[in-house]
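# Fold and contact review
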Amino acid sequence: MEGNGGVQEQMERPETLTDGERATIQNTWTKVYQNKEAAGVAVLMRLFTSFPSSKQFFSQFRDMEDPEEMQSSVQLRKHSLRVMSALNTLVENVHDGEKTAAVLKVVAKSHAVRHNVEPTYFKLLAGVILEVLVEAFPETFGAEAQGAWSKLMGVVYWHVLQVYAEIGWAPVNSAAE
């Protein structure tokens with residue numbers, strides 16, 4: 001139910017991850033995090049090429065059209081490492097619901113308040129992360145791992161929506177920039 005620009009989308013609280021799913025997430029993440037820079041850059045590049053409107057939030061490369069130029073951008077590499085670091089914190093604390101909620105609150109709040117990022121982009125990013133991980137690590141991300149990660153991304157998005165709703169987020173007119 002998207003309404004008048006605010007966060008109207010209501011989502012049921014997702015199922016809690018099972019112990020087996022948590023273990024799967026942690027085991028599969030080890031290989032990804034060993035390649036965190038390449039994986040993070042691949043994720044952001046896929047996000048920006050599949051959903052070009054997502055570049056609007058990055059003044060340093062929002063006008064770059066050349067994928068190679070964007071890929072070698074220092075800012076893009078820095079942000080990709082921040083994304084991977086946040087994911088790593090979530091994975092490390094996947095057994096701790098309070099810590100997960102706290103981490104996501106900080107991330108969601110800064111994206112809402114400081115960067116005016118619509119919550120939908122978290123959903124798009126979650127899909128892109130899964131897509132890239134399955135392609136980059138096919139032997140690691142079989143059906144079981146994909147199911148566990150998909151469930152984790154549902155949990156992440158649910159928490160993000162809660163934070164956006166809690167702060168009464170509404171998009172700010174970006175024409176003022």
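These figures come from a predicted structure and were not determined experimentally. (Residues numbered from 1 in each chain as written. Predicted model: local features only at pLDDT ≥ 70, side-chain atom pairs only at ≥ 80, totals over all residues. Heavy atoms only, no water.)

## Concerning the side chain of Thr 24
Locating Thr 24 in the fold gives a position in helix H1 (residues 19-34). Those residues in contact with Thr 24 that lie beyond four places of it in its chain are Glu 144, Ala 145 and Ala 148. (Helix = DSSP H or I, 4+ residues; strand = E, 2+ residues; numbered from the N terminus. Contact = heavy atoms within 4.5 Å.)

## Structural notes on the packing of aromatic side chains
This structure, assessed with the given rule, holds 10 aromatic pairs. A ring pair is formed by Phe 58 and Phe 61, whose centres lie 5.0 Å apart and whose planes are at 15°; its orientation type is stacked. Just as Phe 58 is buried, Phe 61 falls in that class too. Taken together, the ring pairs connect Trp 29, Tyr 33, Phe 137, Phe 141 and Trp 149 into an aromatic cluster. The ring of Tyr 33 carries the charged tip of Lys 36 above its face, separated from the ring centre by 4.7 Å. (Phe/Tyr/Trp six-rings, centres within 6.5 Å; stacked < 30°, edge-to-face > 60°. Buried < 20%, exposed > 50% of the residue type's maximum accessible area, 1.4 Å probe, protein only. Lys NZ or Arg CZ within 6 Å of the ring centre and 35° of its normal.)

## A word on the environment of Val 172
Relative to the helices and strands, Val 172 is located in the segment after helix H7 (143-166). For Val 172, a relative accessible area of 57% translates into the label exposed.

## Some points on helix H6 (residues 120-136)
For H6, spanning 17 residues, the distance from its first C-alpha to its last is 24 Å, which sits close to the expected 24 Å at 1.5 Å a residue. Looking at H6, one finds that the buried residues are Tyr 121, Phe 122, Leu 125, Ala 126, Val 128, Ile 129, Leu 130, Val 132 and Leu 133. In the core, the buried residues of H6 are packed alongside H1, helix H2 (36-50), helix H4 (74-92), helix H5 (97-113) and H7. (Expected span 1.5 Å × (residues − 1).)

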